[in-house]
Amino acid sequence: MSLLKAHRLARGWSARQAVQELEELCERQDLGEARASIDLLNAWENNRARPRPQTIDLLARLYRANAVRLGLAGDYCEDGGGAKVVVVSGGETRTPYQTEERVADDDVERRALFHHALLSSRSVMSGRLLAEVERTRQDLDRTLAAATVTEEQLDRLDEQVLRYRREYISSAPVPMLYRLMLELSDVRTLSAARQPAMAQRRLLNATVMLALLSADALMKLGDTRQAHAWYGTARTASDDMGDVRLRALVRAQQAMLPYYYGDLAETVRLAREARMLAGSAPSSPAALGAAAEARALARMGEHKAARAALAEAERIFSRMPPEGHDHLAFRFSERRLQFYRIGTLIELGEQVDWAPGPSSPYAIDPVLILLDQAAHLVRAGKIDDACHMAEKALLQVPPEHRTSIVLNRARALLAQVPPARHRMAAVRRLTDLVADAPLVVG
């Protein structure tokens, strides 16, 4: 039994009680965040990880001991009196082995943080969690720049990626993002050493898919900076892999980030780059690229070019081989084509009678279409009808999906309402609904 664990058991505390005591100590003495969990404490007590210097100090305060008595430092004094205080420096020079150990410790702490967030009843992102999302991406980028893995591990990874692509369509973005971070930590571990070419390709393919899902989740949450960075990671991995269709998929997916956040010309550029990479063979990236280009051109007012791009998307889709009825992220299905077709036609000013089917697996897409229809009604001067439709759209989406990408569209709609109409009951209700929406990110 480790000394650290012995101190806890001597007080009759469970691991949960010890963490609670530490958190209360930090709050009582204004010592900052405890940065501890049951998983981390178990790892420290069983010598699977080492606390950071700041955490060692907090543990010493909690158990009223020093680092030596907790087994977290060595005593090399020769005076025979025993040192009463042991200072553990936070900026010491480390050997390569110590650096590797520190990386492992950080990974344990990061995984524990995301596990704790997943178990929490509130799907709210904090600055600390966003920082760890960023660190995960940076660590992955460093690993890509620098893997022995079994066939069974690769098969399991492929199955996991497929499951994430299936569940992503209907999952709330915050918990999904945390799960993706945990999976990417595993991928990075497997990629820590260079692999045989085939194994390396499969790891890169998994990295691309997981990075794209992370970027898309961050886009929904409104964190455009990190979404852009994760798309960059996906591009690095796909370019390293050399698969032109995968490279095209990354560009096609990335094209929607500037579409929703204000740079339509960039959407057109990325969509056309995706189509060029995809080549003449019909594929999901080629169809998505054409469809994304059509929506952006329609919103820019280039109606003739938008209709041509939409016709091209439909032509590509008609030549694509059947892909089954399974709904997967990044698969350009009949439902996805319908979503882009309706969005384009609305921007072209056409009357579209559409209602989402009761069996639709997509949580956000139907709401975005309804908000596009509502915005079109505002431009036509039908303010009351527009606000009723927008209110209905927001109320039908679960709170955990009512993220920035949805709320921003509602705010843009309200911004188009003439000031003289702001006192209308429907406008006030929609304004209050948007103002009272819970913050899912921030």
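Residues numbered from 1 in each chain as written. Predicted model: local features only at pLDDT ≥ 70, side-chain atom pairs only at ≥ 80, totals over all residues. Heavy atoms only, no water.

### Observations regarding the packing of helix α9 (residues 197-221) against helix α11 (residues 244-254)
We count it as follows: Helix axes are fitted only over the stretch in contact, all axes being lines through C-alpha atoms; the angle between N-to-C directions runs from 0 to 180 degrees. Working definition: helices are DSSP H or I runs of at least four residues, strands are E runs of at least two. Numbering for both runs from the N terminus. We call two directions roughly parallel when the angle between them is under 35 degrees, roughly antiparallel when it is over 145, roughly perpendicular when it lies between 65 and 115, and oblique otherwise. Note on definitions: a residue-residue contact is assigned when non-hydrogen atoms from the two residues lie within 4.5 Å. Here the term charged refers only to Asp, Glu, Lys and Arg, the term nonpolar to Ala, Val, Leu, Ile, Met, Phe, Trp, Tyr, Cys and Pro, and the term polar to all other amino acids, Gly among them.
At a minimum axis distance of 11 Å, the contact between α9 and α11 shows a crossing angle of 5°. Our classification of the angle between α9 and α11 gives roughly parallel. Mapping the contact onto sequence places N205, V208, M209, L212 and D216 in α9 and L246, L249, V250 and Q253 in α11. A per-class count over the contact of α9 with α11 returns six nonpolar, two polar and one charged.

### Some remarks on unusual backbone geometry
The criterion, for reference: Note on classification: 1.4 Å probe, protein chains only; a residue is buried when its accessible area is under 20% of the maximum for its type, exposed when over 50%, partly exposed between these limits.
If you check the backbone angles, D30 has positive phi at about 55° while not being a glycine. Residue placement: D30 occurs in the loop between α2 (15-28) and α3 (38-45). At F330, a position not held by glycine, the phi torsion is positive, near 75°. Here F330 shows up in the loop between α15 (303-319) and α16 (334-347). For F330, a relative accessible area of 12% translates into the label buried.

### Some thoughts on the confidence of the model for the protein
Stated precisely, the cut-off is as follows: Predictor confidence is given residue by residue as pLDDT, running from a minimum of 0 to a maximum of 100.
This prediction gives the protein a mean pLDDT of 83; 86% of its residues lie at or above 70. Contacts for the low-pLDDT stretch residues 82-99, under 50 throughout, to residues beyond four places or in other chains number 17 contacts.

### Some thoughts on the packing of aromatic side chains
Our working rule: Pairing of aromatic side chains requires ring centres within 6.5 Å, counting the rings of Phe and Tyr and the six-membered ring of Trp. Pairs whose planes differ by under 30 degrees are stacked, by over 60 edge-to-face, and all others tilted.
Summed over all chains, the structure comprises six aromatic pairs. Centre to centre, the rings of F339 and Y340 are 5.3 Å apart; their planes meet at 80°, and the pair counts as edge-to-face. Residue classification places Y340 among the buried positions, given a relative accessible area of 3%. By way of ring pairs, the aromatic residues F317, F332, F339 and Y340 are connected into one cluster.

### Things to note about the environment of R61
Quick note on the threshold: N or O atoms closer than or at 3.5 Å make up a polar contact, with two conditions inside protein: a donor-capable atom paired with an acceptor-capable one, and, for residues adjacent in sequence, both atoms drawn from side chains.
By secondary structure assignment, the location of R61 is in helix α4 (residues 53-63). Taking the C-alpha atoms as reference, R61 lies 8.5 Å from L25; in sequence the two are 36 residues apart. Non-local contacts of R61, meaning those with residues more than four positions away in its chain, are made with L25, Q29 and L31. A polar contact is formed between the side chain of R61 and the side chain of D57, at a distance of 2.9 Å.

### Overview of the pattern of salt bridges
Convention followed: Every case where a carboxyl oxygen of Asp or Glu lies within 4 Å of a side-chain nitrogen of Lys or Arg is listed as a salt bridge.
Enumeration over the complete set of coordinates arrives at 33 salt bridges. In this structure, the salt-bridge partner of E347 is R299, at a minimum N-O distance of 3.2 Å. Of the two residues, E347 sits in helix α16 while R299 sits in helix α14 (residues 284-300), which places them 48 residues apart along the sequence. The partner of R429 in a salt bridge is E391, and the shortest N-O contact between them spans 3.3 Å. Note that R429 is positioned in helix α20 (residues 425-436) and E391 in helix α18 (residues 383-396), a separation of 38 residues in sequence. Residue R429 is classed as partly exposed on the basis of its relative accessible area, which comes to 35%. A relative accessible area of 16% places E391 in the buried class. Put simply, R235, D239, R247, R251, E266, R269 and E273 are held in one network by salt bridges that share partners.

### Some points on the packing of α11 against α14
Formally: A crossing counts as left-handed when the near helix is turned anticlockwise from the far one by less than a right angle, and as right-handed when that turn is clockwise.
Where α11 contacts α14, the two axes come as close as 8 Å, and the packing angle between them is 25°. By the angle between their directions, the pair α11 and α14 is classed as roughly parallel. The two elements α11 and α14 meet at a crossing, and its hand is left-handed. Along its contact with α11, which presents R245, A248, L249, A252 and Q253, the element α14 presents P285, L288 and G289.

### Digging into the environment of M256
Here M256 is to be found in helix α12 (residues 256-260). Separated by 15 residues in sequence, M256 and A271 place their C-alpha atoms 8.8 Å apart. With residues near it in sequence (within four places) discarded, M256 still touches M219, A292, R295 and Y340.

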